[in-house]
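# Examining the three-dimensional arrangement
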Amino acid sequence: MRSSNPVFSRRGFSRSGGYAGFDAGQQPQAGNPYATNNPYANNPYAQQQTQAVGQPQGAPPAAPPQTGVMTMDDVVARTGMTVGLVVVMAAVAWITDLALPLAIGAGLVAMVLALVQSFKRKAVPALILAYAALEGLFLGAISNFVDSYIADGAAMQAVLGTMAVFTAVLVMYKTRIIRVNRRFYRFAMAAAIGFVMLMMVNLLFAVFGGGDGLGFRSGAMGVLFGVVGILIGALFLALDFKQVEDGISYGAPREESWLAAFGLTLTLVWIYLEFLRLIAILQGND
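None of the values given here were measured: they were computed from a predicted structure. (Residues numbered from 1 in each chain as written. Predicted model: local features only at pLDDT ≥ 70, side-chain atom pairs only at ≥ 80, totals over all residues. Heavy atoms only, no water.)

### Examining the pattern of salt bridges
For the structure on display, the rule yields 4 salt bridges. We note a salt bridge from arginine 254 to aspartate 74, for which the minimum N-O separation is 3.2 Å. Taken as a pair, arginine 254 in the loop between α7 (219–249) and α8 (256–284) and aspartate 74 in helix α2 (residues 72–95) lie far apart in primary sequence, 180 residues in all. In this structure, the salt-bridge partner of aspartate 246 is lysine 242, at a minimum N-O distance of 3.5 Å. (Salt bridge = Lys/Arg side-chain N within 4 Å of Asp/Glu carboxyl O. Helix = DSSP H or I, 4+ residues; strand = E, 2+ residues; numbered from the N terminus.)

### Overview of the packing of aromatic side chains
Between two aromatic rings, the relevant description is the distance of the centres plus the angle of the planes. In this structure the tally under the stated criterion is 6 aromatic pairs. Ring centres of phenylalanine 145 and tyrosine 149 lie 5.3 Å apart, and the angle between their planes is 40°; this geometry places the pair in the tilted category. Taken together, the positions of phenylalanine 145 and tyrosine 149, both in helix α4 (residues 125–149) and 4 residues apart, correspond to about one turn of that helix. We classify tyrosine 149 as exposed; its relative accessible area is 65%. A ring pair is formed by tyrosine 173 and phenylalanine 241, whose centres lie 6.0 Å apart and whose planes are at 55°; its orientation type is tilted. Here tyrosine 173, found in helix α5 (residues 154–174), pairs with phenylalanine 241, found in helix α7; they are 68 residues apart in sequence, far enough to count as distant. For the pair tyrosine 173 and phenylalanine 241, a shared accessibility class is recorded, and that class is buried. (Phe/Tyr/Trp six-rings, centres within 6.5 Å; stacked < 30°, edge-to-face > 60°. Buried < 20%, exposed > 50% of the residue type's maximum accessible area, 1.4 Å probe, protein only.)

### Notes on unusual backbone geometry
Residue aspartate 97 is not a glycine yet carries a positive backbone phi of 55°. When you line up the elements, aspartate 97 lands in the loop between α2 and α3 (100–118). Although it is not a glycine, arginine 176 adopts a positive phi angle of roughly 65°. Counting through the fold element by element, arginine 176 comes out in the loop between α5 and α6 (182–209). Note on arginine 176: relative accessible area 35%, which makes it partly exposed.

### Some remarks on the packing of α2 against α4
Closest axis-to-axis distance for the α2/α4 pair is 7 Å, and the angle between their directions is 40°. On the basis of the axis angle, α2 is oblique to α4. Once α2 is placed against α4, the crossing between them reads as right-handed. Together, Thr82, Leu85, Val86, Met89, Ala90, Ala93 and Trp94 of α2 and Ile128, Leu129, Ala132, Ala133, Gly136, Leu137, Leu139, Gly140, Ala141, Ser143, Asn144 and Asp147 of α4 make up the contact between the two elements. Looking at the contact of α2 with α4 residue by residue, the class counts come to 13 nonpolar, 5 polar and 1 charged. (Axes fitted to C-alpha atoms, helices over the stretch in contact; angles between N-to-C directions. Parallel < 35°, antiparallel > 145°, perpendicular 65-115°, else oblique. Left-handed = near helix turned anticlockwise from the far one by under 90°. Contact = heavy atoms within 4.5 Å. Nonpolar A, V, L, I, M, F, W, Y, C, P; charged D, E, K, R; others polar.)

### Points about α5
Here α5 contains 21 residues, and its C-alpha end-to-end distance of 30 Å stays within 8% of the 30 Å for a straight helix at 1.5 Å per residue. The set of residues buried in α5 consists of Ala154, Ala155, Ala158, Gly161, Thr162, Val165, Val169 and Tyr173. The buried side chains of α5 occupy one side of the element, clustering within an arc of 120° when seen end-on. In α5, the exposed positions angled more than 90 degrees off the buried face are occupied by Met156, Leu160 and Lys174. Taken from the residues just after α5, arginine 176 is the one with a positive phi, measuring 65°. (Expected span 1.5 Å × (residues − 1). Arc of directions from axis to C-beta.)

### Brief notes about the packing of α3 against α4
Contact geometry for α3 and α4: axes closest at 8 Å, N-to-C directions at 145°. Crossing angle aside, the handedness with which α3 passes α4 is left-handed. In this structure, α3 contributes Leu100, Ala103, Ile104, Ala106, Gly107, Val109, Ala110, Leu113, Ala114, Val116 and Gln117 to the contact, and α4 contributes Leu127, Ile128, Ala130, Tyr131, Leu134, Glu135, Leu137, Phe138, Ala141, Ile142 and Phe145. Looking at side-chain class alone, the contact of α3 with α4 contains 19 nonpolar, 2 polar and 1 charged residues.

### Some words on α2
Note that an α-helix has 3.6 residues per turn; residues three or four places apart therefore point the same way. Along its 24 residues, α2 runs 34 Å from first to last C-alpha, staying within 8% of the 34 Å computed at 1.5 Å per residue. If you check which residues of α2 are buried, you get Asp74, Val75, Arg78, Thr79, Thr82, Val86, Ala90 and Ala93. Within two residues after α2, aspartate 97 carries a phi angle of roughly 55°, on the positive side.

### Section: the nonpolar core
The biggest cluster of nonpolar side chains holds 59 residues, and the ones touching the most others in it are Tyr131, Val165, Val169 and Leu237. Among the elements of the structure, α2, α3, α4, α5, α6, α7 and α8 are those that each provide at least two residues to this core. Looking at which element gives the most residues to this core, the answer is α8, with 16 residues. With residues up to four places along the chain from it excluded, the contact list for valine 169 reads Ile178, Ala234, Leu237, Ala238 and Phe241. (Core = buried A, V, L, I, M, F, W, Y, C linked by side-chain atoms within 4.5 Å.)

### A look at the environment of serine 148
Among the secondary structure elements, serine 148 is positioned in helix α4. Overall, serine 148 belongs to the partly exposed group, its relative accessible area being 49%.

Encoded structure:
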C-alpha cells in the first residue's frame, strides 16, 4: 500500500510497481485469495497468513494471528492523530492570529516534509506528525485571513464541504458506485498531473507578469478550476480508500497505517484548500 494524493503521489499500488489489488475480484477463491500478486508476500505477516489459511484439515491448529498486521482500527487511530493535530494547530494559529508570513513559512516547510516522506520507502511517524502540525498552522492562519477579510464564514463552510465530500465518496466506494480499477487510477493521475501543471504555469505567469496570471484562480475560470480541484481530491479519496482496503486484505505491516493516515490527511487538506479558495472567489465577487 502506498499513500496517494494529488500532489505527492509517487508511490504505486504495490511494492512491485504494479496495480496489485485492482483485479482482486478475479483472483482464485481457493485457499488464500491474496496469495497471488500480493504486494506484501515477502513480509512475514503475509507468509504466516498464507500458511494458516492453506492448512489442510486434520493438521495441528495454526498459530494465533500475528499482532503486527495493519487493521482498520490502526488506520482510524493514526488518521485521527494526524487530522486531529492539523485541527488543533489550526485552532492555535487562528486564536493567536498568527502572522501570514510565518504561516506561509510553516506551509513551505510542511510541503518539504511531505515530499521527504513521499520519497521514503517506510513511514516516519515523527515526520508525518511534524507535517501535520506545520500544515495546521498554515491552514489556521490562511483560514483566519480569508474569514476576516474576504468571505465571512468561509472556513466553516470549507470544513462542512470537506466533510460532505469525504462522506459521499466513502458511501459511494462502500456501495461500489465508485469502482477503483486501473482505468480509474490512470484517469485520476492524468487529471491531477494536468491540473498541477496548469496551476504551476498560472503561478509563473502571475510571478513574472503580475496580476492573476492566466486567470485560473480568479473569476469564472477560478470557480471552474476550484470545482475541478475538489473533484480531483474526491478521486484521490477513492484511491486512498482502495489502498487501505488492499493493505488490510493483504496483511500489510502495522506501520503502513501511518502511510494510509498520511495520504488521507494530504487529500483532505487538498480538498479543504480548494473549498476555501472557491468560497473566497464566490463571496469575494458579491
